[in-house]
Number of protein chains: 2
Amino acid sequence: MDIQFFQTFLIVAKLGNMTQAAEMLNFTQPTITGQIRTLEQHFGVKLFDRVGKKLYITDAGKKLINYSERLLSVYNEAQEELSIHPESKFRHCNNNG
Amino acid sequence: MDIQFFQTFLIVAKLGNMTQAAEMLNFTQPTITGQIRTLEQHFGVKLFDRVGKKLYITDAGKKLINYSERLLSVYNEAQEELSIHPESKFRHCNNNG
DNA sequence: TACATTTACGCTGCGCGTAATCATG
DNA sequence: CATGATTACGCGCAGCGTAAATGTA
């Protein structure tokens, strides 16, 4: 499981919109769909309810938000401490390091 | 960056031996080398000093042990809470959840 | 019709194993 | 020569983008 997928999930969850998440992350819309689907299949849970165009996060999704934040926080912290020049891909979402 | 690589790193660091790590993780020796190398290149640091056949973990490596443990801990916790039947690939190393 | 997500599909690159090579004791 | 790490190399598949399809307002 790539750490990137958790970042994607966080952005989608917070924006409630895959299109905007795709733009923010410099991916395409179908790629976002695929990444979310990969997470859902991996954990065996549905992360969003798709009602029309709207995304409603599920209870499992809400839980994963917390884990994703912690995961990325640790990852970013590692990058910042180990690397002199971290890639900083996820820093905009690291709000508890 | 795949979460698996952190697990591999932890095992190698604790065993001080890539061959044994490969056996434990059901990978081959060259695969372990590649995964460690990927981590080293990604973070831009050397994780082990190779002196003959011996591996000596570097200061950066020692730091990454801590981050890897925390990362896998969060990941396993997520799996255990979200999935009814987690894959449990990393449970044998999750000692602080 | 406009907009957002999903599906279909081909392609590229990463990561794997096998085999060969290097290096130490 | 035995053992362990690395390098070389080919292959398979995961994940990407483009294009088409589906579904709502």
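Below, the structure is looked at part by part. (Residues numbered from 1 in each chain as written. Chains lettered and ligands numbered in written order. Predicted model: local features only at pLDDT ≥ 70, side-chain atom pairs only at ≥ 80, totals over all residues. Heavy atoms only, no water.)

Each helix and strand in chain A was counted, giving four helices and two strands. Traced from its N-terminal end to its C-terminal end, chain A shows the element sequence α-α-α-β-β-α. Counting every position in chain A, which comprises 97 residues, the buried fraction comes to 48%. (Helix = DSSP H or I, 4+ residues; strand = E, 2+ residues; numbered from the N terminus. Buried < 20%, exposed > 50% of the residue type's maximum accessible area, 1.4 Å probe, protein only.)

A separate point is the interface of chain A and chain B. Contact residues are listed per partner, giving 22 residues for chain A and 22 residues for chain B. The contact between chain A and chain B buries some 2,400 Å² in all, and 61% of this surface belongs to carbon and sulfur atoms. Counting the surface chain A buries against chain B, the share from its top three residues, A:Phe43, A:Tyr67 and A:Leu82, is 28%. Applying the counting rule to chain A against chain B returns four salt bridges. Residue A:Glu77 is joined to B:Arg70 by a salt bridge in which the shortest nitrogen-to-oxygen separation is 2.9 Å. Viewed at the interface, chain B and chain A are joined by 14 residue pairs in polar contact (both at pLDDT 80 or more). (Contact = heavy atoms within 4.5 Å. Buried area = accessible area lost by both parts, 1.4 Å probe. Salt bridge = Lys/Arg side-chain N within 4 Å of Asp/Glu carboxyl O. Polar contact = N/O pair within 3.5 Å; in protein donor to acceptor, adjacent residues only side chain to side chain.)

Another aspect to go through is the nonpolar core. Judged by nonpolar contacts, the single largest core of 62 residues is most densely connected at A:Phe6, A:Phe9, A:Phe43, B:Phe6, B:Phe9 and B:Phe43. Mapped onto this core, the elements with two or more residues apiece are α1 (3–15), α2 (18–25), α3 (29–43) and α4 (59–82) of chain A together with α1 (3–15), α2 (18–25), α3 (29–43) and α4 (59–82) of chain B. (Core = buried A, V, L, I, M, F, W, Y, C linked by side-chain atoms within 4.5 Å.)

The next point concerns the protein's contact with DNA strand D. Around DNA strand D, the structure places 18 residues, and the nearest of them are A:Thr31, A:Gln35, B:Thr19, B:Arg50 and B:Lys53. A breakdown of the atoms of DNA strand D within 4 Å of the protein gives sugar and phosphate a share of 69%. Separating a phosphate oxygen of DNA strand D from a side-chain N or O atom of B:Arg50 is a distance of 2.4 Å. When contributions to the surface near DNA strand D are tallied by element, the ones reaching two or more residues are α3 of chain A together with α2 and α3 of chain B. The element best represented in the surface near DNA strand D is α3(B), accounting for four residues. Considered class by class, the residues forming the surface near DNA strand D number five nonpolar, nine polar and four charged. (Near = heavy atom within 4 Å. Nonpolar A, V, L, I, M, F, W, Y, C, P; charged D, E, K, R; others polar.)

A word on the side chain of A:Gln35. Examined against the element boundaries, A:Gln35 turns out to sit in helix α3. The contact partners of A:Gln35, leaving out residues within four places of it in the chain, are A:Gln4, A:Phe5, A:Thr8 and A:Phe27.

Okay, the pattern of salt bridges next. By the definition in use, this model includes 10 salt bridges over all chains. A salt bridge links B:Glu81 to A:Lys63, with the nearest nitrogen and oxygen atoms 3.6 Å apart. On the criterion of chain membership, the pair formed by B:Glu81 in helix α4 and A:Lys63 in helix α4 is interchain, its members lying in two chains. In this structure A:Lys63 comes out as partly exposed when scored by relative accessible area, which is 36%. A salt bridge links B:Lys46 to B:Asp49; its shortest N-O distance comes to 2.7 Å. Accessibility expressed as a relative area gives 29% for B:Asp49, which makes it partly exposed.

It is worth spelling out the relation of the copies chain A and chain B at this point. Both copies of the chain are placed relative to one another by a rotation about an axis and a shift along it. At an RMSD of 0.0 Å, chain A and chain B line up after a rotation of 180° and a shift of 0.0 Å along the axis. Those values place the two copies in the arrangement expected of a two-fold rotation axis. Closest approach to the rotation axis among the C-alpha atoms of chain A is made by A:Asp2, whose C-alpha sits 2.1 Å away. The fraction of interface residues of chain A whose copies in chain B are also interface residues reaches 100%, indicating that both copies meet through the same surface. (Least-squares fit on C-alpha atoms with pLDDT ≥ 70 in both.)

Our next topic: the pairing of strand β2 (residues 54–57) of chain B. Residue and element names in this part refer to chain B. Where strand β1 (residues 48–51) meets β2, four bridges bridge the pair, whose relative direction is antiparallel. When the sheet's bridge partners are listed, aspartate 49 is paired in β2 with tyrosine 56. Between β1 and β2, which pair antiparallel and follow one another directly, the connecting turn spans two residues, one of which, glycine 52, has a positive phi of 65°. (Pairing = 2+ DSSP bridges.)

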